[in-house]
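Close look at the chain arrangement
Spelled out from the first residue to the last, the chains are:
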Amino acid sequence: MPDKTYDVLVVGSVNADLVVRVDRRPAAGETVLGSDLATYPGGKGANQAVAAARLGGRVAFLGRAGTDGQGVFLRDALREDGVDIAHLLTTPGPSGVALITVDPDGDNSIIVSPGANGRITEDDVTAARPLIADASVVSLQLEIPLEAVLAAALAADDAGARVVVNLSPPTEVPDELLALCDPLVVNEHEAAFLGASDPAGLLARGPRSVVITKGAEGAVVADDSGVTEVPSPRVEAVDTTGAGDAFTGALAWRLAQGDDLAEAARFAARVGAAAVRVAGAQSSFPRLGDLEDM
């Protein structure tokens, strides 16, 4: 692969994560008391960009933020972590927001209000084709319109970039997009949404390679070289918010460095495990030195 300016270009969402810790999550119609509200920079796209950048990756971001105070907060957070935000466009109105509850086990429930993320268009992608052509790996998720995701994947493939697609939140996607995934990254719930519980079943849907993340149990990867189980380091989980994004961002960066899929996933599992030891999404993402004890 010719040398590119960027290891990873993330095309995706940027959200303000509004987090409340609870003793237990409420049932329908029930009110429970929680902790003070904490606000963190988040969004699946921005999370993956920060995860790769903190590890040393050269990372750019294509997306949209609003004109509210959250938009300023989110731009500053990406810039401070070294992500190139020249293509983080401005949309009048609110930025994306995620409402997150976290229980004592570190498990979370999330509601996302897309805001400006829902206004990313195919035209935005077309205008950014030179940027896409200057990245080794293009990482995509589904918190932005599917039409923009497909346009970015097609542009990346045309430019010879590797396409990483995280099918989250899960939704029906065209076979044309699945055929470009190298890999398709899903957790076990997302795999079930696609009607498969194993790598062979997912590969039958058309992606070039597959990664199934399994939380504390690690991951399973599959490509034309076979199927590999990837264990995760054992850690005490404080907050699982963003752990999957940490994994995917690390995976994309290592693929850009030339790792094969299994090698990249082994590294990414260490990054994901490190992330659950600290509260928040981006605030929990490790730097290379933080992985020495993993």
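Above this text sits the structure in question.
An account of the accompanying structure is given in this report. Nothing here was measured: the structure is a model prediction, and the numbers come from that model.

Across its full length, the protein carries 10 helices and 13 strands. Here the protein has a C-alpha radius of gyration of 18 Å; the compact-globule value for 294 residues is 19 Å, and the two agree. With the principal axes as the frame, the protein shows a C-alpha extent of 50 × 45 × 40 Å. A total of 294 residues make up the protein; the buried ones form 54% of that total. The contacts of the protein with a sequence gap of at least 6 include a subset with a gap of at least 24, amounting to 68%. When the accessible area of the protein is evaluated, it comes to approximately 12,000 Å², of which 51% is carbon and sulfur surface.

A word on helix α9 (residues 243-256). Compared with an ideal rise of 1.5 Å per residue, which puts 14 residues at 20 Å, α9 spans 20 Å between its outermost C-alpha atoms and is within 8% of the ideal. Most of α9 sits out of view: 13 of its 14 residues are buried. Just past α9, the residue G258 takes up positive phi, approximately 100°.

Counting through the fold element by element, G215 comes out in the loop between β11 (210-213) and β12 (219-223). Its relative accessible area of 55% is what places G215 among the exposed residues. Sequence separation of G215 and A243 is 28 residues, and the distance between their C-alpha atoms is 8.5 Å.

Right, let's talk about the sheet that holds strand β3 (residues 38-42) for a bit. Backbone hydrogen bonds hold the strands of a sheet together, and the pairing may be parallel or antiparallel. What the four strands build is an open sheet, ordered β3-β2-β6-β7; its pairing is mixed. Both outer strands of the open sheet, β3 and β7 (108-113), are each paired with one neighbouring strand and no more. Averaged over neighbouring strand pairs, the angle between their axes works out to 25° when direction is ignored. As judged from the seven bridges shared by strand β2 (residues 15-21) and strand β6 (residues 96-102), these two strands associate in the parallel manner.

It is worth spelling out the pattern of salt bridges at this point. For the structure on display, the rule yields 12 salt bridges. Here R25 and D103 are joined by a salt bridge, their closest N and O atoms 3.1 Å apart. Placement of R25 in the loop between β2 and β3 and of D103 in the loop between β6 and β7 is noted, with a sequence separation of 78 residues between them. For R25, a relative accessible area of 33% translates into the label partly exposed. D259 is the partner of R254 in a salt bridge, and the nearest nitrogen-oxygen pair spans 2.9 Å. One exposure class covers both R254 and D259, and it is buried. Counted as one network, the salt bridges with shared partners bring together R54, D81 and R287.

Definitions and limits used
- Within every chain, residues take consecutive numbers counted from 1 along the sequence as written.
- A pLDDT threshold of at least 70 governs which residues receive local features in this predicted model, and a stricter bar of 80 or more applies before side-chain atom pairs are shown or counted, although totals over entire chains, interfaces and linings include all residues.
- To obtain the side-chain values, all non-hydrogen atoms of the structure were included, while hydrogens and water were left out.
- Secondary structure elements follow DSSP: runs of H or I of four or more residues count as helices, runs of E of two or more count as strands, with numbering from the N terminus.
- Using C-alpha atoms as the atom set, the radius of gyration is obtained and then compared with a globule rule of 2.2 Å times the number of residues to the power 0.38.
- Each residue gets one of three labels from its accessible area relative to the maximum for its type: buried under 20%, exposed over 50%, partly exposed in between, using a 1.4 Å probe on protein chains only.
- Contacts between residues were defined by any pair of non-hydrogen atoms, one from each residue, lying within 4.5 Å.
- Only the protein chains shown count as covering a residue, and every accessible area follows the Shrake-Rupley method with a 1.4 Å probe.
- What a helix should span is 1.5 Å times the count of its residues minus one.
- Think of it this way: DSSP has to see at least two bridges between two strands before they count as a pair.
- Helix axes are fitted to C-alpha atoms over the stretch in contact, other axes to C-alpha atoms as well, and angles between N-to-C directions run from 0 to 180 degrees.
- Any Lys or Arg side-chain nitrogen located within 4 Å of an Asp or Glu carboxyl oxygen qualifies as a salt bridge.

Without other data, these values stay purely geometric and don't point to any function.
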